[in-house]
Amino acid sequence: MGRSRKQIDELIDEIQSFAELTHHFDRPFRTFSSGIKTRLGISVATAFKPDLLLIDEVLGVGDVSFREKSQNRVKDLIKTSKIGNWIAKGMSNFDKTTNDFSSITHAMHVDAHLVGKYFQKVTLRNPNASLIDALVVDAELDENSYIKNIILEDGQKIEGDLFIDCSGLSRLLMKKMPGNDWVSYMDHLNLNSAMPFILKYEDGEFPEPYTTAWAQNAGWMWQIPLLDRKGCGYVYDDAYITEEEAQAEIEMRLGRKITPAKTIKFTTGRQESAWINNCVTIGLSSAFLEPLEATSIHSTVVQIKNLAFDYVRDNIDDTLNQGSMNIYNQRTRKMFDDLRDFITMHYCGGRTDTAFWRNIKDNVPKPEFVSNLIEMSKTRMPTHHDFPTYYGSAGWPLYSYVMEGINLINKDVTDKELELKIPNVDNLKDVVQNDYVAYHTEWYEELQNHYTWEEMITIFREERDTQ
Ligand SMILES: Cc1cc2nc3c(=O)[nH]c(=O)nc-3n(C[C@H](O)[C@H](O)[C@H](O)COP(=O)(O)OP(=O)(O)OC[C@H]3O[C@@H](n4cnc5c(N)ncnc54)[C@H](O)[C@@H]3O)c2cc1C
């Protein structure tokens, strides 16, 4: 095994005791039964804390307590292996050799104010773009209910062919359009209040490289670490908790006082049609689910991309083709309804510890797709074919984390499916394991060129301070 005699001697007692072979230990190896050989094998293989450990069903040998012991040891190893170590220690995906992010898939926490400033700077580099910073007070429509112009606070009128309503929840322009019906999601997504607040870092504190979200008595809380502060909040149903009680619950949970910003009241739902005549809603003016999973900026980006690349033509008449507007609306409806299902799934863990969670479990109906998915998972593992797969949709990879997290994945079913034989390949379990090992080896090698998370944050903070 490439270990020195001294290293082996140091671990011999541990190996012997883990394998539970006290009085047989000195017997020749060939005299052991296959079960005892396997126990010894697991004990030796895991005692050395290997960089890479390939395991198959050997973890199923022995009595229940030995099986549990072996599985726990492997779980510990995963936590302390080199691979687990970089995650736990927060290695970054910022590459020292290229001074850029490597290809590892990642999501970003962005500071909305800074991003807004950046977009403004980039947009204004285009000589055809101009910025008017003013309050819009009204819009004039022609006889066919097309917007002719918007009216600013100082009376100035701005004409246009196509108007994007990005006025957020006020839906300033869309409100004036005929047939601007609102489809409520409150039947399925009944939270209606958000108490945002900010936490400053202590001296020397670094942001975590992930978002944290957890269930509360009447909803859930989020913590999104940025470079200099954490954006936090409690999203709740005000039928179950008052503002004062919500703040007290947060403070008890965090063990510190907070200064909440103004509590935001919202209703979940979407426009029946995101595009009517020459007015298109984008962002919050078009739909609002709730902050869970940050679907809002995601769906905003999808809407902008769909509109700009697929529907806006080089002249206004072709752009306002009713057929393509209808199809754009259909796509947008489907996206939000699918995202609603995805968010709803988070609440289906069956908690009963507070009145809020009991109400969700007993009285809040699940959308059809969610009910079917939960039912199906009792006997069959979902696959990506069961989920929408268009650009911007929430597919099986996203659902899988959520369903696993709230115990909706049936372990007996997954075990059975992993035993499937794939013709001319192998046992599915081996294939999955081989892929898992191959990916992790590759990622580990790639990480050798990476800054640690703390190094990367320090670089970014310095870079920002010099600008
Ligand atoms: C508590 C909470 C937490 C959230 N967290 C996240 C998250 O983590 N990730 C995520 O993706 N999304 C999050 N969202 C959603 C996020 O707010 C939206 O994605 C984003 O702000 C939508 O941008 P928007 O431009 O559509 O609307 P808004 O941000 O509301 O912007 C609308 C703009 O229109 C302007 N406006 C309105 N009326 C007028 C007028 N008459 N004249 C001129 N200007 C006007 C407003 O001043 C405002 O600047 C959260 C939302 C809430 C409520």
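About the criteria used
- Residues numbered from 1 in each chain as written.
- Predicted model: local features only at pLDDT ≥ 70, side-chain atom pairs only at ≥ 80, totals over all residues.
- Pairing = 2+ DSSP bridges.
- Helix = DSSP H or I, 4+ residues; strand = E, 2+ residues; numbered from the N terminus.
- Near = placed C-beta within 6 Å.
- Nonpolar A, V, L, I, M, F, W, Y, C, P; charged D, E, K, R; others polar.
- Buried ≥ 20, exposed ≤ 12 C-beta atoms within 10 Å, placed from the backbone.
- Contact = placed C-beta atoms within 7 Å.
- pLDDT = per-residue confidence, 0-100.
- Axes fitted to C-alpha atoms, helices over the stretch in contact; angles between N-to-C directions.
- Parallel < 35°, antiparallel > 145°, perpendicular 65-115°, else oblique.
- Left-handed = near helix turned anticlockwise from the far one by under 90°.
- Core = buried A, V, L, I, M, F, W, Y, C linked by C-beta atoms within 7 Å.

*Asks:* Can you lay out the pairing of strand S1 (residues 91–95) for me, pointing to particular residues and giving the numbers?
*Replies:* Of the strand pairs in this sheet, S1 and strand S17 (residues 450–452) are connected by two bridges, and their pairing is antiparallel. Bridge pairing in S17 places Met91 opposite Thr452. Bridge count for S1 against strand S2 (residues 100–101) is two bridges, and the pairing is antiparallel. What sits directly across from Asp95, in S2, is Asp100. Where S1 folds back on S2, the antiparallel hairpin that results is connected by four residues, among which Asn99 adopts a positive phi of roughly 55°.

*Asks:* So, the pairing of strand S8 (residues 193–200): which residues are in play, and what are the values?
*Replies:* Examined bridge by bridge, S8 and strand S11 (residues 229–236) share eight bridges and lie antiparallel to one another. The residue of S11 that forms the bridge with Pro196 is Gly233. Across two bridges, the pairing between S8 and strand S12 (residues 264–265) is antiparallel. Along S12, the bridge assignment pairs Ala194 with Ile264.

*Asks:* So what's going on with the site of the ligand? Which residues, and what values?
*Replies:* Around the ligand sit 21 residues in total, of which Gly168, Gly283, Ala294, Ser296 and Ile297 are the nearest. Top element by residues in the shell around the ligand is helix H7 (residues 295–311). It accounts for three residues. Of the residues contributing to the shell around the ligand, the split by class is 13 nonpolar, eight polar and no charged.

*Asks:* Mind laying out the sheet that holds strand S14 (residues 275–276), listing which residues take part and the relevant values?
*Replies:* Spatially, S6-S15-S14 is the arrangement adopted by the three strands of the open sheet, whose pairing is mixed. Across the chains shown, the open sheet's two edge strands, defined by having one partner strand only, are strand S6 (163–165) and S14.

*Asks:* Quick rundown of unusual backbone geometry? Include the residues and the values.
*Replies:* Outside of glycine, negative phi angles account for most residues, and trans bonds account for most peptide bonds. For Asn99, which is not glycine, the phi dihedral falls at a positive 55°. A residue is classified by how many C-beta atoms lie within 10 Å of it, and Asn99, with 9 of them, is exposed. The backbone phi angle of Ala294 is positive, close to 50°, even though this residue is not glycine. Tracing the chain through its elements places Ala294 in the loop between strand S16 (287–288) and H7.

*Asks:* So what's going on with the environment of Leu307? Which residues, and what values?
*Replies:* Mapped onto the elements of the fold, Leu307 is located in helix H7. Expressed as a C-alpha distance, the spacing of Leu307 and Trp275, which sit 32 residues apart in the sequence, is 10.0 Å. In contact with Leu307, other than residues within four places in its own chain, are Val280, Val312 and Tyr328.

*Asks:* So, the confidence of the model for the protein chain: which residues are in play, and what are the values?
*Replies:* The pLDDT averaged across the protein chain works out to 86; a share of 87% of its residues lies at or above 70. This model gives residues 78–85 a pLDDT under 50, and the stretch forms 10 contacts once residues within four places in sequence are excluded.

*Asks:* Let's hear about the packing of H7 against helix H9 (residues 322–345): which residues, and what values?
*Replies:* Running from N to C, H7 and H9 point in directions that differ by 160°, and their axes come no closer than 11 Å. When the interaxial angle is binned, H7 and H9 end up roughly antiparallel. Crossing geometry of H7 relative to H9 is assigned as right-handed. From H7, Thr295, Ser299, Val302, Gln303, Asn306, Leu307 and Tyr311 reach across to H9, where they touch Ser324, Tyr328, Arg331, Thr332, Met335, Phe336, Leu339 and Ile343. In terms of residue class, the contact of H7 with H9 is made up of eight nonpolar, six polar and one charged.

*Asks:* So, the sheet that holds strand S5 (residues 157–159): which residues are in play, and what are the values?
*Replies:* Sheet strands pair via backbone hydrogen bonds, and the direction of the pair is either parallel or antiparallel. Overall, antiparallel pairing links the three strands, which are arranged S3-S4-S5 in an open sheet. Both outer strands of the open sheet, strand S3 (136–141) and S5, are each paired with one neighbouring strand and no more. Along the sheet, successive strands turn relative to each other by an average axial angle of 25°, direction set aside.

*Asks:* With reference to specific residues and values, describe the nonpolar core.
*Replies:* In this structure, Tyr234, Tyr236, Ala246, Leu289, Leu339, Phe342 and Tyr399 are the most contacted members of the largest nonpolar core, which totals 36 residues. Top element by residues in this core is H9. It accounts for six residues. Counting 15 residues, the second largest nonpolar core, distinct from the first, contains Ala139, Ile150, Phe163 and Leu172.

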